[in-house]
Amino acid sequence: MRHFLSTQDWSRADLQSLLDRAAKLRDTPIGEPLKGRTIALLFLNPSMRTRTSFEIGAFQLGAHAVILEPGKAAWGIEFEPGVVMDGEAEEHIAEVAGVLSRYCDAIGLRAFPLFKDWSIDRQDRVIKALAEHASVPVINMETIVHPCQELALMRTLQDHIGQPDGRKFVLTWTWHPRPLNTAVANSALLIASKFGLNITMLIPDDAYLLDEKFMDAAHYQAEDAGGSVETTTDIESAYTGADFVYAKSWGALPFYGRPEAEAKLREPYRHFMVDEQKMALTNQARFSHCLPLRRNIKATDAVMNADYCVALDEAENRLHVQKALLVELLGGSSPG
Ligand code: CP
């Protein structure tokens, strides 16, 4: 049995196999390779794309998805071991994982970090607890990484610019009214380095460097794949010659749990918004974002409306790559 918790646990060849199968499922979307199978999807946080694409994807494969929102329409869950459960949670992940494993063929979980103590959140304990207690495959639907988004990004990048090796990939930080999860930024580094891109991470200040475990992983994966990773605060040099621009906002880890203090650091950097002038410096790059995106905050209307914006393709590819993943994990047969 195999989980999908992070792309770091999967080889480039295995990930490429998923991407190839996703392309075939895009051409032949309806079938019954997973007829009669079921997946439970636990959302501890809001979602539009992830929930919709998994639910529709399961349906198109002949499977059924059950959506659960612990703490809302399902009992709240305790994830820590050995806790005296005299708080809000009515049941422990040991029983939740055990019960769902009896009913379902896979379990997905979205559990954002709590934005209080990064030394705890960086351990990704919640999804690890689920994987420990489940006897069916567990899928990460975003914790401190977002591996399903990684697959969609790489499918989209390959669709638009072809072979990734040696192409210039810019991951640019953008301003946002509040500090956001680092998950998609961590994930962009992981997948771009795994596939041999030359990564330029554009940040306004060293406080926006990502956790060293992801920075280090990006460096050693890039070295293995023949790519590179560099970090800069210089907007013009970052965009110049880029083949693919990926934008995301994230919070500064040294200020984790202190949003008011972080806001003062962030305030001067609204000009990191992606605009036509910056995109004009590129090698006719494609632009993308995982969505949701605040227009005229992270990217201008002109950029979002441009032919080079492939964010909707990436959102569509969430459906295809996740179907490929379900077929792989649940052992169905489908094109590819
Ligand atoms: N990109 C993404 O995961 O979107 P949702 O938060 O809407 O699921």
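Keep in mind that what you see is a predicted model, and the values were worked out from it rather than measured.

Quick notes on the rules
Within every chain, residues take consecutive numbers counted from 1 along the sequence as written. Totals for whole chains, interfaces and linings use all residues, but because this is a predicted model, local features are given only for residues with pLDDT of at least 70 and pairs of side-chain atoms are given and counted only at 80 or more. Note: side-chain values were computed over all heavy atoms of the structure, leaving out hydrogens and water. Pairing between two strands requires that DSSP report at least two bridges joining them. Note on conventions: DSSP H or I runs of at least 4 residues are helices, E runs of at least 2 residues are strands, and numbering of each starts at the N terminus. For every element, the axis is a line fit to its C-alpha atoms; helices are fit only across the contacting stretch, and the angle between N-to-C directions ranges from 0 to 180 degrees. By the convention used here, residues are in contact when the closest approach between their heavy atoms is within 4.5 Å. Residues are classed as near a molecule or strand on a simple rule: at least one heavy atom within 4 Å of it. Think of a polar contact as two N or O atoms within 3.5 Å of one another; within protein, one of them needs to be a possible hydrogen donor and the other a possible acceptor, and neighboring residues in sequence only count if both atoms come from side chains. Per-residue and other accessible areas follow the Shrake-Rupley method at a 1.4 Å probe size, with only the shown protein chains counted as cover for residues. The method works on a 1 Å grid over the protein atoms by themselves. A cavity is a set of points holding a 1.4 Å probe that cannot get out, a pocket is an open set with protein on both sides within 12 Å along at least five of seven lines, and residues with an atom within 4 Å of a point line them. A molecule is said to be in a cavity or pocket once over half of its atoms fall within 2 Å of that pocket's grid points. In this entry, domain limits derive from an automatic or database-based domain assignment. Buried means the residue's accessible area, taken with a 1.4 Å probe over protein chains only, is under 20% of the maximum for its type, while exposed means over 50%, and partly exposed covers the values in between. Defined in terms of a 1.4 Å probe, buried area is the accessible area two parts forfeit on being brought together, summed over both. Grid points are joined across faces, edges and corners, and a volume is the space filled by probe spheres set on the points. Lys, Arg, Asp and Glu make up the charged group, whereas Ala, Val, Leu, Ile, Met, Phe, Trp, Tyr, Cys and Pro make up the nonpolar group; the residues left over, Gly among them, are polar. Any carboxyl oxygen of Asp or Glu within 4 Å of a side-chain nitrogen of Lys or Arg constitutes a salt bridge here.

Chemist: Describe the sheet that holds strand β2 (residues 64-68), and please don't skip the residues or the numbers.
Modeler: The 4 strands lie next to each other as β2-β1-β5-β6, forming an open sheet whose pairing is parallel. Edge strands, defined here as strands with exactly one partner in the open sheet, are β2 and β6 (138-140). Sheet twist, expressed as the average angle between the axes of neighbouring strands with direction ignored, equals 20°. Sheet topology places strand β1 (residues 38-43) next to β2; 5 bridges connect them, and they run parallel. By the bridge assignment for β2, L42 is matched with L68. Strands β1, β2, β5 (106-110) and β6 of the sheet are contacted by helix α2 (residues 49-60), whose axis makes an angle of about 175° with β1.

Chemist: Provide a residue-level description of the sheet that holds strand β7 (residues 168-173), including the pertinent values.
Modeler: A sheet is described by the order of its strands in space; here 5 strands give the open sequence β9-β8-β7-β10-β11, paired in parallel fashion. Because the sheet does not close on itself, it has two edges, and the strands there are β9 (228-232) and β11 (286-288). Averaged over neighbouring strand pairs, the angle between their axes works out to 20° when direction is ignored. In this structure, strand β8 (residues 198-202) lies alongside β9, joined through 5 bridges in parallel fashion.

Chemist: Talk me through the site of the ligand; I want residue IDs and the actual numbers.
Modeler: All residues in the neighbourhood of the ligand are listed as S47, M48, R49, T50, R110, H146, Q149, C290, L291 and R318. M48 has a polar backbone atom sitting 2.7 Å from an oxygen atom of the ligand. R49 has a polar backbone atom sitting 2.9 Å from an oxygen atom of the ligand. A total of 260 Å² of accessible area belongs to the ligand in isolation, and the protein chains cover 92% of it. Its atoms largely coinciding with the cavity grid, the ligand occupies the second largest pocket. Residues from two domains meet in the shell around the ligand; each of domain 1 (7-145 + 318-330) and domain 2 (149-314) gives at least three.

Chemist: Describe the environment of E267, listing the residues and the values that go with them.
Modeler: Note that E267 resides in the loop between α10 (259-266) and α11 (276-279). Sequence separation between E267 and W175 is 92 residues, and the spatial gap between their C-alpha atoms is 7.9 Å.

Chemist: Tell me about helix α5 (residues 125-133), and name the residues and values.
Modeler: Within the span of α5, buried status applies to I127, A129, L130 and A131. The elements touched by buried residues of α5 are α3 (93-103), β5 and β6.

Chemist: So what's going on with the domain arrangement of the protein chain? Which residues, and what values?
Modeler: Per the domain assignment, the segments of the protein chain are domain 1 (7-145 + 318-330) and domain 2 (149-314). Domain 1 and domain 2 are separated by 25 Å when their C-alpha centres are compared. Contacts between the two partners involve 29 residues from domain 1, matched on the other side by 39 residues from domain 2. When the area that domain 1 buries against domain 2 is broken down by residue, the three leading residues are Q8, R12 and W118, summing to 26%.

Chemist: Explain empty space enclosed by the protein to me, using residue names and the numbers behind them.
Modeler: Using the criterion set out here, one finds 1 cavity of 30 Å³ or more in the structure. Empty space within the largest cavity amounts to approximately 30 Å³. Mapped onto the lining of the largest cavity, the elements with two or more residues apiece are α6 (147-161) and α7 (183-194). Grouping the amino acids of the lining of the largest cavity by side-chain chemistry returns 4 nonpolar, 3 polar and 1 charged.

Chemist: Residue-level account of the pattern of salt bridges, with values.
Modeler: Under the counting rule described, the total for this entry stands at 15 salt bridges. Note that R125 is salt-bridged to E80, the shortest N-O span being 3.0 Å. Of this pair, R125 sits in helix α5 while E80 sits in the loop between β3 (77-78) and β4 (91-92), and the two are 45 residues apart along the sequence. Overall, R125 belongs to the partly exposed group, its relative accessible area being 34%. Taken together, the shared-partner salt bridges connect R26, R155 and D159 into one network.

Chemist: Got a sec to walk through the environment of E32? Specific residues and values, please.
Modeler: Tracing the chain through its elements places E32 in the loop between α1 (12-27) and β1. Of the residues examined, E32 reaches a relative accessible area of 54% and is grouped as exposed. Sequence-wise, E32 and A222 are 190 residues apart; in three dimensions their C-alpha atoms are separated by 38 Å.

Chemist: Report on the layout of surface pockets, specifying residues and quantitative values.
Modeler: Counted as a void, the largest pocket has a volume near 670 Å³. Taken together, 27 residues form the lining of the largest pocket, with L44, F79, F112, L114 and V126 sitting closest to its centre. Counting only elements with at least two residues in the lining of the largest pocket, the list comes to β3, α4 (118-121) and α5. Space inside the second largest pocket adds up to approximately 560 Å³. Lining the second largest pocket are 26 residues, and of these F112, E142, L180, K248 and P292 lie nearest its centre. Residue composition of the lining of the second largest pocket, grouped by class: 11 nonpolar, 7 polar and 8 charged.

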